[in-house]
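Coordinate analysis (summary)
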Amino acid sequence: METDKKRIAIIGAGISGLMACKYTLEKGFNPIVFEARSGIGGVWSQTIESTKLQTPKDFYQFSDFSWPREVKETYPDHTQVLEYLHAYALHFNILPRIKFNSKVTCIDYVTSSTADLHSWDLWGGSGEPFSPWGKWRLTVRNGQNPSASAPTDQVYQVDFVILCMGRYSDLPNIPDFPLNKGPEVFNGKVLHSMDYASMDDDVAADLIKEKRVTVIGFQKSAVDIAAEVANKNGATHPCTLLFKTAHWIVPEYLLPLVFQGLNRFTELMIHKPGEGFFIWLLAMLLSPLLWIFSMSIECYLKYMYPLKKYNMVPTHRFLKQISSCMFTVLPANFYDRIKDGSLFLKKSQSFSFCRNGLIVQGESKPLFSDIVILATGYKSEEKLKNMFSSTLFQKCIAESSAPFYRECIHPQIPQLAILGYADSPAILYSTEMRSKWLAHFLAGNFRLPTISKMEEDVMEWEKCKRRDEKESYRRSCVSTLLQIYCNDQLCKDMGCNSRRKNWFLAELFAAYGPKDYKDLS
């Protein structure tokens, strides 16, 4: 196969797009990266001033490109992360491959085959990455020239597409409200956390200055924005954090302990897809250790922080939150701001807008507000679905409840992979493994199983995860508690040794990280 003649399109220049480009280049391909913004970094290029890593940097680094020595912090801030990504792109000569200000508006699969795609036994008809019967056609909108009367569209035809659009951008999730109870009746300003994060720091500071701000939500963005507003405005103009469900918020110093605990011994306690009787029995016998660990963390957090006082005790187990990829780190001085009156917490199942603020369920008086920031997440699945012009492929995305095969291949969509969509507390680490796996596949080092085998595999994963996580199940979450097990599968596919440690005890009890997979040939 003449790799340099195969055209590979990568959509997005965030961390997953950079790694997809780097590893396909190493395999001799000539990829082209389309980035809608004017720079690399994805969500790191536009974020709030106080944002920093929520993962210890040893678990958030490229396997073959370490953090600079001058970065001493365990949790670098967003500026340091962006500089690190730029250094990576420069070191591996990725920047010349990127077309900036180029937004891919839709992709369409064009095939010369008369056979129905869904009649194929093998992915793409052959189980190979490239098919003689089909190509992808990309419509790309060029917004580089601001003086142009209208954006110009260009069409590209490629042999393979890698979607690297991420989950936390572009299409915000805005709650629905009854008639005359939504933002339209509010005299103040309503915006999504995405819009707030995209502002320059001085513009954002000016927006909230001496304003009564209410932040909706309790995930990472909500907690970080509420803490930032409270720190800037103080008790004279307090911020309110309005949330429906409380989650465990972990202090930074506990995170390394949690990540170090993600080792092979821990994974013996977790049920796995398609496990045999002995593995099932071993997990049953050892699983109480996980319960003890989870309870210990919960008791510690309830002892250290006034969770009960502020109605912040979650109803779910700490371990369930980790396995569902809902991980939030405690911002600096969070409880100090609550104590001094700069930050108020309100828990409610519902709210609506009124002229001067919000009507909170169970309260007789309105919550007076000047600005409401909706940190209510993103419609990542809809964003992914909308990329396809084909209703057939849109239906594949919308109706697929299970995770993708190896977290990046949809069995019914040929010549396409998705990176960075699967969520993980150590997203760079998990995405890099899949970038390496995908590069090996594109280079012809292995073939995919039949479509039916892949669908069977993803359904086994769904069945296993739904059983363990129940209502917290999210198909987009990489199985965090089985990270090494997932990596073993990827290594087996690539024909690499999955045992990366030097001796037995380290293999069993030491944590695995990006550096362990540096030399996957």
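This structure is a prediction, so every number in the text was calculated from the model and none was measured. (Residues numbered from 1 in each chain as written. Predicted model: local features only at pLDDT ≥ 70, side-chain atom pairs only at ≥ 80, totals over all residues. Heavy atoms only, no water.)

Focus on the UniProt feature "transmembrane region" (unreviewed entry) in the chain
Sites flagged by UniProt as "transmembrane region" (unreviewed entry) map to residues 277-301. Within the segment residues 277-301, helix and strand shares are 100% and 0% respectively, and the terminal C-alpha atoms sit 36 Å apart. (UniProt positions renumbered as here; feature names shortened; annotations may be inferred. Helix = DSSP H or I, 4+ residues; strand = E, 2+ residues; numbered from the N terminus.)

Topic: the pattern of salt bridges
For side chains of opposite charge, pairing can occur when their charged atoms come near one another. Tallied over the entire structure, the rule returns 19 salt bridges. A salt bridge links Glu363 to Lys346, with the shortest nitrogen-to-oxygen separation between them at 2.9 Å. Here Glu363 is found in the loop between strand 15 (357-360) and strand 16 (367-368), whereas its partner Lys346 is found in strand 13 (residues 343-347), with 17 residues between them in sequence. Overlapping salt bridges, with partners in common, bring together Arg264, Asp488, Arg499 and Glu507 in one network. (Salt bridge = Lys/Arg side-chain N within 4 Å of Asp/Glu carboxyl O.)

Looking at the nonpolar core
If you look at the biggest cluster of nonpolar residues, it comprises 147 residues, and the most contacted ones within it are Ile107, Trp136, Leu138, Leu241 and Phe334. With 9 residues, helix 13 (residues 427-442) is the single largest residue contributor to this core. Inspection of this core shows a minimum of three residues originating in each of domain 1 (7-169 + 379-517) and domain 2 (183-374). If we ignore the near neighbours within four places in the chain, the residues touching Phe334 are Val223, Ala227, Leu241, Met312, Leu343 and Leu345. Phe186, Leu242, Val360 and Val372 belong to the second largest nonpolar core, which has 10 residues in total. (Core = buried A, V, L, I, M, F, W, Y, C linked by side-chain atoms within 4.5 Å. Buried < 20%, exposed > 50% of the residue type's maximum accessible area, 1.4 Å probe, protein only. Domains from an automatic or database assignment. Contact = heavy atoms within 4.5 Å.)

With respect to the pairing of strand 9 (residues 213-216)
Side-chain alternation along strand 9 places Val213 and Val215 on one buried face and Thr214 and Ile216 on a second face that is also buried. Bridging between strand 9 and strand 17 (residues 371-374) involves 4 bridges; their strand directions are parallel. Opposite Val213, over in strand 17, you have Ile371 as the bridge partner. Alignment of strand 9 against strand 10 (residues 239-243), held across 3 bridges, turns out to be parallel. Bridged to Val215 within strand 10 is Leu241. (Pairing = 2+ DSSP bridges.)

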